[in-house]
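In case you want the letters, here they are:
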Amino acid sequence: MQQYSFHIIGDIVNGSILKDAVSDAPIEHLSTDSRKILHPATTLFFALKTPQGNGHSFIKNCYDKGVRYFIIKEKINTELYPDAGFILVENTLKALQQLAAHHRSTLNPQPSTSNLQTTTYNFQPPTVIAITGSNGKTMVKEWLYQLLHADYQIVRSPKSYNSQIGVPLSVWQMNATHNLAIFEAGISQKGEMEILSDIIQPTIGVFTFLGEAHQEGFHDLEEKFIEKSKLFQSASTIIYPSAHTGGYHFSGANKKLISWGKTENDELQVLHERRERDHTQLQLKWNANSFELDFPFTDKASIHNLLTCSCVCLHLGMSTELLAARIKNLEPVSLRLEIKKGIQGCTILNDAYTADISSLEIGLHLLLQQSQQRRTVILSDFIIPDHQKQSSYGVIADMLIKSGIQKVITIGEDTRHYLRPALPEIIHPYHFDNTEHLIQHLPQLHFFNEAILIKGARKFELENLMPLLEMQVHETMLEINLSAISRNLAHIRSRLNPDTKIMAVVKAFSYGSGSYEVARLLQYHRVDYLAVAFADEGITLRKAGIDLPIMVMNADRYSFDALTAYQLEPEIFSFEMLKQFSKHLEKEGLNAYPVHIKIDTGMHRLGFMNSEWDTLAKALSDSNLFSVRSLMSHLVASEDEHSDAFSLEQARLFESACNKIRKAIGYDFVRHLNNTSGILRHPSLQYEMVRLGIGLYGVEKDSPLEQAIRFKTSIAQIKSLEAGETVGYNRKGVLTRPSRIATVRVGYADGFPRNLSNGKGFMILHGQKAPVMGNVCMDMTMLDVTDIIEAKEGDEVEIFGVHQSVTKLALQADTIAYEILTGISQRVKRVYFEE
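Values in this document were obtained by computation on a predicted structure and should not be read as measured data. (Residues numbered from 1 in each chain as written. Predicted model: local features only at pLDDT ≥ 70, side-chain atom pairs only at ≥ 80, totals over all residues. Heavy atoms only, no water.)

Chemist: With reference to specific residues and values, describe the side chain of S638.
Modeler: Along the chain, the position of S638 falls in the loop between β31 (626-632) and α22 (644-665). Among the polar contacts listed, one links the side chain of S638 to the side chain of N675, at a separation of 2.8 Å. Setting aside anything within four residues of it in sequence, one finds S638 in contact with S647, N675, S677, G678, R681 and H682. (Helix = DSSP H or I, 4+ residues; strand = E, 2+ residues; numbered from the N terminus. Polar contact = N/O pair within 3.5 Å; in protein donor to acceptor, adjacent residues only side chain to side chain. Contact = heavy atoms within 4.5 Å.)

Chemist: Describe the pattern of salt bridges, with residues and values.
Modeler: Taken as a whole, this structure holds 37 salt bridges when the rule is applied. One salt bridge connects D83 with R68, and the closest N-O pair in it is separated by 3.1 Å. With a gap of 15 residues between them, D83 in the loop between β6 (69-72) and β7 (85-88) and R68 in the loop between α2 (59-65) and β6 connect regions that are remote in the sequence. Residue class for D83 comes out partly exposed when judged on its relative accessible area of 26%. Owing to a relative accessible area of 18%, R68 belongs among the buried residues under this scheme. Each of the salt bridges in this network shares a partner with another, and the network as a whole consists of E479, R710, K712, E796 and E798. (Salt bridge = Lys/Arg side-chain N within 4 Å of Asp/Glu carboxyl O. Buried < 20%, exposed > 50% of the residue type's maximum accessible area, 1.4 Å probe, protein only.)

Chemist: I'd love a proper account of the nonpolar core, names of residues and values included.
Modeler: Generally speaking, nonpolar side chains in soluble globular proteins are found buried as a group. Ranked by internal contacts, the top residues of the largest apolar core, which has 127 residues, are L400, L530, I597 and F800. If we skip the residues at most four places from it in the chain, F800 touches L478, Q707, I709, R710, F711, S805, V806, L809, I820, L821 and I824. Formed by 38 residues, the second largest nonpolar core is a distinct cluster that contains I129, L282, L307 and L314. (Core = buried A, V, L, I, M, F, W, Y, C linked by side-chain atoms within 4.5 Å.)

Chemist: If you had to explain helix α4 (residues 137-148) to someone new, which residues and values would you point to?
Modeler: Its 12 residues place the ends of α4 16 Å apart at the C-alpha level, agreeing with the 16 Å of an ideal helix rising 1.5 Å per residue. Counting buried positions along α4 gives 10 out of 12 residues, so the element sits mostly inside the fold. Among all positions of α4, only K137, T138, M139, V140, K141, E142, W143, L144, L147 and L148 are buried. (Expected span 1.5 Å × (residues − 1).)

Chemist: Before we move on, can you summarise the sheet that holds strand β16 (residues 268-275) with the specific residues and values?
Modeler: Pairing is mixed in the open sheet, where nine strands are placed in the order β11-β12-β10-β13-β14-β15-β16-β17-β18. The open sheet terminates on both sides in strands that have one partner only, identified here as β11 (154-156) and β18 (289-295). In this sheet, neighbouring strand axes are inclined to one another by 20 degrees on average, regardless of whether the strands run parallel or antiparallel. With seven bridges connecting them, strand β17 (residues 280-286) and β18 associate as antiparallel partners. Among the inter-strand pairings, L282 is bridged to a residue of β18, identified as L293. Packed on one face of the sheet, α4 meets β10 (127-132), β11, β12 (180-184), β13 (204-207) and β18 and runs near 165 degrees to β12. (Pairing = 2+ DSSP bridges. Axes fitted to C-alpha atoms, helices over the stretch in contact; angles between N-to-C directions.)

Chemist: Any chance you could break down the pairing of β16 for me, citing the residues and the numbers?
Modeler: Consecutive side chains along a regular strand alternate between the two faces of the sheet. Pairing of strand β15 (residues 256-261) with β16, which is carried by two bridges, proceeds in the parallel orientation. Bridged to W260 within β16 is L268. Taken together, the seven bridges between β16 and β17 define a ladder with antiparallel strand orientation. Across the sheet, the residue bridging to Q269 is K285, located in β17.

Chemist: Can you tell me about the sheet that holds strand β1 (residues 16-19), naming the residues and giving the values?
Modeler: With mixed pairing, five strands are arranged side by side in an open sheet as β1-β7-β6-β3-β2. Both outer strands of the open sheet, β1 and β2 (29-31), are each paired with one neighbouring strand and no more. Neighbour-to-neighbour, the strand axes of this sheet turn through a mean angle of 25 degrees, independent of strand direction. Where β1 lies against β7, three bridges are found, and the strand directions are antiparallel. Within β7, the residue paired with I17 across the bridge is I87. In the packing of helix α3 (residues 92-105) onto the sheet, contacts are made with β2, β3 (43-46) and β6, and the angle to β3 comes to roughly 140 degrees.

Chemist: Can you tell me about the environment of N755, naming the residues and giving the values?
Modeler: Position of N755 relative to the elements: it lies in the loop between β37 (739-744) and β38 (762-765). Since its relative accessible area comes to 36%, N755 is described here as partly exposed. Residues N755 and F218, 537 residues apart in the sequence, show an inter-C-alpha distance of 59 Å. Those residues in contact with N755 that sit more than four places away from it in its chain are K760 and A813. A polar atom in the side chain of N755 sits 2.8 Å from the backbone oxygen of A813.

As structure tokens, then:
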């Protein structure tokens, strides 16, 4: 990281030093958000004034965290901050942008002249890619990183940092070690892109797509195109889709234009496209050479973004063979869309902040995956130019009809005028002038057992519908990131042999996360089997529309009727169970019913012991009532390297049992032994299938998986108490100093362990630890927030998630993550979202 002194920065931003800092530590980090400061001693804080707030109000917060360098535009009492330095400027946002632009220019080659009068350069200039367009910027950026990170030292925009604030913070990350930079740039009105262009100074420009998204700041699409193309003023190369620029053309002398499309004039020509169930095959031509790509996605947006990325990679010199190989391993890049339980058995898909046709298609796709047969869409006006409204709303109507939507509720003048006439009466369209009007008439719409997609432009404030449609529970909630679960599943798949099947274990309410919602996702991603603990869990999934094979791990004779009625497959673990289930099948007149045989190789919990295998083999071979689908056993300590020898001995015994039974029954079956830890640590024990359970949620200790669950609550009240006072039942919490005590809305009835009382446990507030004070109560817990000065009533408090893993919480409670997750009460609201 290049370092700057406080005085040099003052010169760069043309500011006046009101007060010098005592510290002479170099400045390495920039911040505009007092909540997100990680390196205070070397951070420079810009007090921005935005519609969201005035940064000058948070100078004290920053100072208390250790920040000593500030750029301000309002004069303040600097004596309140004895050792801090302040630079006064006319515009703090402009100062941030000036500093980033200067920093970027220092990374261009600097000429120097020797005694021989020849010019040399200190280092090779970086390749800087700037991406803009109406859609797809983040996906293109992230896929380019996936495709190129093996060849370059890459710096890229964090998340979607593409704004007037986000771009300078992104560019500040650059240093001389980076030889490739990838930055997004987004604008909302005229005059913004020149600023971003001066900051990024791209050498390659990438234009993704020209569409209606964020159109409100522009007169028409042509004006938007002209404004966006200003990003490429310094670029020597521009890469773009020839059919998706609105018919407008890039201008500028000495620029190399590289397009992709379906014509012979395109440098990357699409010759043929074929979509299969789970992948797309593309036949392309580049530099007169034809080649093929096999792409693990099928939606139009992903294919479009893939072709843009391919153009960039080929331009940078990647061979078509290497491109094809890397594209097969691309992982999805998702954007957040929340899924919540609603009133009257409804499911709510909340996408209330975007209104464009591409994202509507994504939302409808997810809507169709829900269990409810009745589907409703609440739709506001989209931001569409006047001359395109007729055709665009016609496309939207066609999408709604083809998706089988039964009810459409429209809001706004455009949807009334253009969309409603295009919808058939069978869809039951309802219209309201504005969101407030809809809220007034909500009771008359009688929502019941429906999947509801809420989709609209920000100005309609459709988010105000959510409190009225959500199931009303208290503010403590468990957030489940379905996108993270998908990524964990993809990571596990990347470690498996191509033919190895996956049985996903969703017992115990999917480890507390919610069975159906997770099962739906797993079915969508085509796992091979589900496993539940008891028959009623399997019945719930069947009633919700899950049609994957389901193994029941702990069936009993009282559940046999339900097993066969709902096509659930029992795990057989004893001769008594084998006998009882045989009688049931004979009574029902069923033959060759699928079963799974449990072998005990060392767990000594359930299963047939070594001494029983011969008798078991004969019993199975003598009966036509069963069809053995799999043999399974359970590793005792797959996560423990000190037990690896025992794990391998278990595998040897397992294989012996499998061989004996296979020989006796005369046909093959699937074998599965590995759990999540086994998958990660014992790849040789994959056999034909593996069982993936808690690993889906990323809570395995020291694993590369991503934690997909976050447990959070909020502050109900804060009290200021004196030293010597006590807090909670039995007066266990004794205060040793004047304190601020926050009561949060979670207790042991919700799943927060009572043995974390009296300072043994803590929660996270504003990124800081807040220890438990006194005994944990049934519905409430008290926290000491004395040292967290910004704490206020209503603030969000994290129990586990971003700052503290569930594994660490379990260690505090002297238990395991499984117990924590499965102990979270059903009264805690589950919120599902896809990024």
